[in-house]
Amino acid sequence: MNSEYTIVLSDGELLSRVCGTNDSNLKLIEKHIGTPVFTRGNEISIEEEDPHIQQKFKFIIDRIVDEISDSGESSSDLIHSILNTGFIHGNADSHFNAGTYAISIPGSTHKIYPKTKNQAELVKAFRETDLVFAEGPAGSGKTFLAVAEALSLVLSKKVNSIVLTRPIVEAGESLGFLPGDLEDKINPYLRPLYDSMNACLPREIVHKLTENDIIEVAPLAYMRGRTLNNCAVILDEAQNTTVEQMKMFLTRMGENAKVFITGDITQVDLPKRQKSGLVHAMQILEEIPEISMIHLSDADVVRSSLVRKIVQAYQNEVKND
């Protein structure tokens with residue numbers, strides 16, 4: 001019995017783009033489906049009788065071809081996104097294909113793709129609700145995706161500005177004694193957010209947006225008394241807010257505002273016995289349908305495989321204590 005399952009593409013050039021530079025995409029596909037993939041001319045095939053594997057292979061190749069046709073992109077990020085979000089519980093799920101939840105940022109040379117199912121759920125939440133809590137470990141993509149979505153919103157004119165804020169938990173050095181003006185003092189705390197923006201857009205565009213006050217940085221304490229209208233707001237490191245600070249921040253939300261709150265409840269730096277505002281808010285607001293709460297895990301860590309192992313080791317230590 002012939003077990004070969006073959007997909008015929010329109011031409012050899014398309015096949016080459018599907019395979020990637022030095023067959024890098026092909027290697028990812030092979031690892032994911034657990035069987036070698038062969039190419040010749042404009043055909044790509046597997047030696048596999050299992051109809052489930054054949055369906056999975058066809059789904060992956062169809063998704064890659066669709067995305068290349070729509071955007072011209074065939075990066076490893078795209079492949080990771082298709083492999084990790086396209087199949088849920090073993091079945092092709094069109095609701096989580098890469099193209100649907102890719103973040104397009106005007107002025108950027110590439111799309112931002114969610115690389116796991118939970119990341120795709122997070123992008124979906126950004127689009128469907130105005131207030132989103134994203135809680136998860138370091139490297140799980142929560143802050144990066146929030147920044148990418150905020151940039152997409154402001155550069156596509158859906159909001160007028162971006163507001164970046166963090167609680168300042170000082171470690172032995174008072175903010176008041178640091179050199180420079182307010183922006184100089186707060187920038188070190190917000191450096192990770194700028195790093196994420198620079199990964200999405202050319203640095204000069206980010207600089208211009210900041211110069212023109214389209215991107216605003218402010219300590220959380222400076223939110224008191226404000227109403228945040230027509231903007232995308234990111235509260236990062238929210239696990240270090242107090243209950244009072246979180247309540248104050250949440251009640252700043254105005255008309256046409258998108259608010260993304262990110263944090264990691266395993267890294268609270270508040271004094272002992274002081275409850276995290278993030279933990280408290282996620283407990284008392286979880287029944288409100290207009291609010292999305294997305295929990296990411298060590299399985300969503302995409303920073304590096306080593307970071308994932310480090311996160312797992314610390315989580316195991318907590319469980320064993």
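Quick caveat, the model's predicted, so the values are computed rather than measured.

Caption draft 1: Structural detail: the overall build of the protein chain. Scanning the protein chain from N- to C-terminus turns up 11 helices and 11 strands. Buried residues in the protein chain amount to 48% of all 321 residues. Here the contacts in the protein chain between residues at least 6 apart in sequence split such that 72% fall between residues at least 24 apart. Looking at the protein chain as shown, the accessible area adds up to about 16300 Å², and 48% of this sits on carbon and sulfur atoms.

Caption draft 2: Layout of the packing of helix 9 (residues 243-250) against helix 10 (residues 277-284). At a minimum axis separation of 7 Å, helix 9 and helix 10 run at an interaxial angle of 60 degrees. Classified by the interaxial angle, the pair formed by helix 9 and helix 10 is oblique. Our pair here, helix 9 against helix 10, has a crossing hand that is right-handed. Packed against helix 9, whose contacting residues are Val243, Met246 and Leu250, the element helix 10 presents Gly277, Leu278, His280 and Ala281 at the interface. Residue composition of the contact of helix 9 with helix 10, by class: five nonpolar, two polar and no charged.

Caption draft 3: Region of the structure containing helix 5 (residues 117-128). Its 12 residues place the ends of helix 5 16 Å apart at the C-alpha level, agreeing with the 16 Å of an ideal helix rising 1.5 Å per residue. Taken together, the buried positions of helix 5 are Gln119, Ala120, Leu122, Val123, Ala125 and Phe126.

Caption draft 4: View of the pattern of salt bridges. Overall, the coordinates contain 11 salt bridges when judged by the stated rule. Among the salt bridges present, the one from Arg40 reaches Glu4, with a minimum N-O distance of 2.9 Å. Residue Arg40 is located in strand 2 (residues 37-40), and its partner Glu4 is located in strand 1 (residues 4-8); the two are separated by 36 residues in the primary sequence. Take Arg40: its relative accessible area is 41%, and that puts it in the partly exposed class. A salt bridge links Glu216 to Arg226; the shortest N-O distance between them is 2.7 Å. Remark: Arg226 occurs in the loop between strand 8 (215-219) and strand 9 (231-235) and Glu216 occurs in strand 8; sequence separation between them is 10 residues. Glu216 sits in the partly exposed class, given a relative accessible area of 27%.

What counts as what
Residues numbered from 1 in each chain as written. Predicted model: local features only at pLDDT ≥ 70, side-chain atom pairs only at ≥ 80, totals over all residues. Heavy atoms only, no water. Helix = DSSP H or I, 4+ residues; strand = E, 2+ residues; numbered from the N terminus. Buried < 20%, exposed > 50% of the residue type's maximum accessible area, 1.4 Å probe, protein only. Contact = heavy atoms within 4.5 Å. Areas by Shrake-Rupley, 256 points an atom, 1.4 Å probe, with all protein chains shown as cover. Axes fitted to C-alpha atoms, helices over the stretch in contact; angles between N-to-C directions. Parallel < 35°, antiparallel > 145°, perpendicular 65-115°, else oblique. Left-handed = near helix turned anticlockwise from the far one by under 90°. Nonpolar A, V, L, I, M, F, W, Y, C, P; charged D, E, K, R; others polar. Expected span 1.5 Å × (residues − 1). Salt bridge = Lys/Arg side-chain N within 4 Å of Asp/Glu carboxyl O.

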